[in-house]
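One letter stands for each residue in the lines below.
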Amino acid sequence: GQTNLKSPQDIQVYAVNTNFTLRWNYTGNDTDVTFSAEYQWFENFHTNEMEWMELPGCQNVTGKECDFSSAVTEYYDTHYVRVRAERKEEVSPWSSIFEMIPYYIAHIGPPGILLKSINGAIKVKITPPEANQVQKMWLADLSFKYNAVIWKNSSNAEFRSQIILPNAVIDDLAPYTTYCLKVQATLPLEWKEGLFSPIHCITTTRKVNDLFCATDVNVLALNMKFHLHWNNQYKQHVSYNVQYLIGYLKKLHDDYSGKWLNVPGCENITNTQCNFSSIITTISGFYYLRVQATNEFNKSCLSNEVKVDPLITNEIGPPGVKVDISHNLLHIQIFPPGGSESEVMRDHYSLSYQLLYWKNSSNDEEGIKMKAIKQTIGTVSDLTPSTLYCVKVQALSEAYNKSSPFSEEKCIKTPREKILPVIILATFVTALVVVLGVATLFSFALYQVYNKIKYVFFPSCRPPLSIEGFGRQLLSHPYLSTKEEATENFSVIDIVIIEEVNQIDFKDHKPSKQSNRDSGNYSNDDNTSGDKGSEESLEK
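Numbering of residues begins from 1 in every chain and follows the order in which that chain's sequence is written. Given that the model is predicted, a residue must reach a pLDDT of at least 70 before its local features are reported, and side-chain atom pairs must reach 80 or more before they are shown or counted; all residues, however, enter totals for whole chains, interfaces and linings. Excluded from the side-chain calculation are hydrogens and water; included are all heavy atoms of the structure.

## Here's the deal with the nonpolar core
Note on soluble globular proteins: their nonpolar side chains tend to be buried together.
Then step 1. Note on terminology: a nonpolar core comprises buried Ala, Val, Leu, Ile, Met, Phe, Trp, Tyr and Cys residues joined through side-chain atoms within 4.5 Å. Relative accessibility decides the category of a residue: with a 1.4 Å probe and only protein chains considered, values under 20% of the type maximum give buried, values over 50% give exposed, and everything between is partly exposed. In terms of nonpolar packing, the biggest core is built from 52 residues, with Leu228, Trp230, Phe276, Leu289, Leu330 and Ile332 touching the most fellow members.
Then step 2. Lining this core are residues from two domains, each supplying at least three of them: domain 3 (215-313) and domain 4 (320-413).
Then step 3. Residues within four places of Trp230 in sequence aside, it is in contact with Ala214, Thr215, Asp216, Val217, Tyr240, Val242, Ile269, Asn271, Thr272, Gln273, Cys274 and Val291.
Then step 4. In terms of nonpolar packing, the next biggest core, distinct from the first, is built from 49 residues, Tyr26, Val61, Ile126 and Leu181 among them. In this document the domain limits rely on a domain assignment from an automatic tool or a database. Residues are treated as being in contact if the distance between any of their heavy atoms lies within 4.5 Å.

## What to know about a nonpolar patch on the surface
Then step 1. In this scheme, patches are assembled from residues that exceed 30% relative accessible area and form no salt bridge. Like charges are connected within 9 Å, while nonpolar side chains (Val, Leu, Ile, Met, Phe, Trp, Tyr) are connected within 5 Å. Only the protein chains shown count as cover for residues, with accessible areas throughout obtained via the Shrake-Rupley method and a probe of 1.4 Å. The term salt bridge refers to a side-chain nitrogen of Lys or Arg lying within 4 Å of a carboxyl oxygen of Asp or Glu. Together, Leu425, Phe428, Val429, Leu432, Val433 and Leu436 make up a nonpolar patch on the protein surface, roughly 590 Å² of accessible area in all.
Then step 2. Helix numbering and strand numbering both begin at the N terminus, where a helix is a DSSP run of H or I of at least 4 residues and a strand a DSSP run of E of at least 2. Locating Leu425 in the fold gives a position in helix α6 (residues 420-457).
Then step 3. In this structure Leu425 comes out as exposed when scored by relative accessible area, which is 54%.

## Notes on the packing of aromatic side chains
Then step 1. For this analysis, a ring pair means two rings from Phe, Tyr or Trp (six-membered ring only for Trp) whose centres lie within 6.5 Å, classed as stacked if their planes differ by under 30 degrees, edge-to-face if by over 60, and tilted for the remaining angles. By the definition in use, this model includes 13 aromatic pairs.
Then step 2. Between Tyr103 and Tyr104 the ring centres are 5.9 Å apart and the planes differ by 80°, which places this aromatic pair in the edge-to-face class.
Then step 3. With relative accessibility at 55%, the residue Tyr104 sits in the exposed group.
Then step 4. By way of ring pairs, the aromatic residues Tyr76, Tyr103, Tyr104 and Trp138 are connected into one cluster.
Then step 5. Look at NZ for Lys and CZ for Arg. If either is within 6 Å of the ring centre and within 35 degrees of the ring normal, a charge sits over the ring. Directly above the aromatic system of Phe196 lies the positively charged group of Lys182, at a separation of 4.6 Å from the ring centroid.
Then step 6. In this structure, Lys250 packs its charged tip against the face of Tyr288, placed 4.0 Å from the ring centre.

## Overview of the environment of Thr31
Then step 1. Mapped onto the elements, Thr31 comes out in the loop between β2 (19-25) and β3 (34-41).
Then step 2. Among the residues examined, Thr31 registers a relative accessible area of 53% and is labelled exposed.
Then step 3. Along the backbone, Thr31 and Arg87 are 56 residues apart, and their C-alpha atoms lie at a distance of 8.4 Å.

## Some details on the pattern of salt bridges
Then step 1. Under the defined criterion, the tally for this structure stands at 7 salt bridges.
Then step 2. With a shortest N-O distance of 3.2 Å, Arg87 and Glu90 are connected by a salt bridge.

## Quick word on the confidence of the model for the chain
Then step 1. Confidence of the predictor in every single residue is expressed as pLDDT, which spans 0 to 100. On average, residues of the chain score 81 in pLDDT, and 80% of them reach the 70 mark or higher.
Then step 2. A low-confidence stretch, residues 471-535 stays under pLDDT 50, and its non-local contacts, those more than four residues away or across chains, total 38 contacts.

## So, the environment of Ile373
Then step 1. Position of Ile373 relative to the elements: it lies in strand β29 (residues 365-373).
Then step 2. On the basis of relative accessibility, which here comes to 10%, the residue Ile373 falls in the buried class.
Then step 3. Along the backbone, Ile373 and Gln354 are 19 residues apart, and their C-alpha atoms lie at a distance of 6.5 Å.
Then step 4. Non-local contacts of Ile373, meaning those with residues more than four positions away in its chain, are made with Ile334, Ser352, Tyr353, Leu355 and Gly378.

## Some details on the sheet that holds strand β26 (residues 320-326)
Then step 1. By definition, two strands form a pair when at least two bridges between them are found by DSSP. What the 3 strands build is an open sheet, ordered β26-β27-β30; its pairing is antiparallel. The open sheet has two edge strands with one neighbour each: β26 and β30 (377-380). Adjacent strand axes in the sheet meet at a mean angle of 20°, parallel and antiparallel pairs treated alike.
Then step 2. Two elements, β26 and strand β27 (residues 329-335), share 7 bridges in a ladder whose sense is antiparallel. If you follow Lys322 over to β27, its bridge partner there is Gln333. Lines fitted to the C-alpha atoms define the axes, with helices restricted to the stretch that makes contact. Angles between their N-to-C directions range from 0 to 180 degrees.

## Here we look at the state of the cysteines
Disulfide: a covalent bond connecting the sulfur atoms of a pair of cysteines.
Then step 1. Two cysteine sulfur atoms make up a disulfide if the distance between them is within 2.5 Å. Inspection of every chain in the model, using the stated rule, returns 5 disulfides.
Then step 2. Note on cysteine connectivity: Cys213 is disulfide-linked to Cys301, with sulfurs 1.6 Å apart. On the sign convention where negative is left-handed, the bridge of Cys213 and Cys301, at about 110° about the S-S bond, is right-handed. With Cys213 in the loop between β17 (200-203) and β18 (215-222) and Cys301 in strand β24 (residues 300-302), this pair connects stretches of sequence that are 88 residues apart. Of the two residues, Cys213 and Cys301, neither departs from the other in class, the shared state being buried.
Then step 3. Here Cys390 connects covalently by a disulfide to Cys411, the sulfurs 1.9 Å from one another. Between Cys390 and Cys411 the disulfide shows an S-S torsion of about 105°. By sign, it is right-handed.

## Quick notes on the side chain of Arg290
Then step 1. Summarising the element assignment, Arg290 is placed in strand β23 (residues 287-295).
Then step 2. Buried and unpaired, Arg290 has Glu305 as its nearest opposite-charge partner, separated by 4.4 Å.
Then step 3. In the analysis that follows, any N or O atom pair within 3.5 Å is treated as a polar contact, provided that within protein one partner can donate a hydrogen and the other can accept it, and provided that, for residues neighboring in sequence, both atoms belong to side chains. Within the structure, Arg290 has its side chain in polar contact with the side chain of Gln243 (distance 2.8 Å). We treat Lys and Arg as the positive residues and Asp and Glu as the negative residues; His and chain ends play no part in the count.

## Things to note about unusual backbone geometry
Then step 1. Its identity is not glycine, yet Met224 carries a phi of approximately 65°, on the positive side.
Then step 2. Within the fold, Met224 resides in the loop between β18 and β19 (225-231).
Then step 3. Classification of Met224 as buried rests on a relative accessible area of 13%.
Then step 4. At Ser386, a position not held by glycine, the phi torsion is positive, near 55°.
Then step 5. As for its placement among the helices and strands, Ser386 is situated in the loop between β30 and β31 (388-397).

## Considerations on the side chain of Lys250
Then step 1. By the secondary structure assignment, Lys250 is in helix α3 (residues 248-251).
Then step 2. Residues within four places of Lys250 in sequence aside, it is in contact with Leu165, Pro166, Asn167, Leu245, Tyr256, Tyr288 and Glu305.

## Notes on the pairing of strand β10 (residues 112-118)
Then step 1. Here β10 pairs with strand β11 (residues 121-127) via 7 bridges, running antiparallel. If you follow Ile118 over to β11, its bridge partner there is Ala121.
Then step 2. Taken together, β10 and the strand that follows it, β11, pair antiparallel across an intervening segment of 2 residues, in which Asn119 is found at a positive phi of about 50°.

Below you can see the structure in the form of structure tokens.
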């Protein structure tokens, strides 16, 4: 079981499109050595059986590489490859296993190119890699971008690289000059760059410029209104026919020369401009336009083509502005460029706005301030009364790196400072003070009246018990009225008591005047009975 053969090393797979080549190195000095390879797919590699299969095209190979393209049919599956050296019945150990996913290691092959010299330019027709192949690695031919490198066939050549379409015309070339060209296919989204095609060379002719041909063809677009302009150097009668081509047709590898259409309203015209807004039916694609001029001899001439990408070619016009003042605020209403009917300007440009406002003094614009907003309504505060403010607005689109001219200036004067609120406040405060004062006085008066009533009808002090008892006896008298009792009682007591005191002589006791008054008798009888009562009272 021992062997002197070494295992192959540095196993690599080189793939171009669907062509796969297995390569390796062998450091042994043995002669008459051949090599064989085996492979396995992903779904079988991790099973217990480990069934390796012979790699077609790589059995008993005398060199250090082999083509196994026929063995690979699943380009997105993982494949495993190994190689060993053989000499008669003797074999080496297997090499290390090389793991690969065909699609990821494959290179884009070179495209096919065909050159033609026409009127001082070079027309290039490109066929994609794997053209006319049944089994393809790259299924989306339309995803290819083509990078062309062109140079003069001279010792001091300057290389010029540009992206071209499958059916392209390269102009701005010197007449009677040999140019060489090579083309590379790329897949930008997958970061893949292909191999360059073989170099092709061709000699240009002289460009014939007919005077009646349209020159300086250009597009002016504002707020999604597209106009094509051109110049005319011919003094005789010339009619023009504006034609357009939908852009994606140029991405196809087929001939599109018969698919140009006339722009409605721009057929057989004599002026040098055309409104072609009607053909812009979608903003996601692009268009090509050209002008066909016809002279009085019915000879025609085609101008250079211009490309129109609606959202990129279009320019943003100034927005509309309306200003108003309320509550010491400057209100600014913005109308998007293109007017209310231009939905494209509002929906696809994601417009924001830059406001410039300032006090318009008699000397010059002073204190210009800027404010950025994303809505169509803005406000400015901290305004000075009786001051003229001016505003202008600019529309911006960050997504397309576009900005509009500033709108027309709109000015408005702030009103004078109003003192009416101060007057109202002062009046309210004064009225409140007056009402509180009147309420206080009225409350004080009610309190005084309440005290008087309470003092008269509900006194806090009570008369002596002797007077209360005496009073009850008198009140129980059936013949006494209230008025008589109150009136006669006072006069009789004072008179009687004073007289009795003066007439009666006490031997051992002389009562005071106050005690006589307190001990007086209340009576409504005649004087005699009154005197007797008084005398009895005094004796007691």
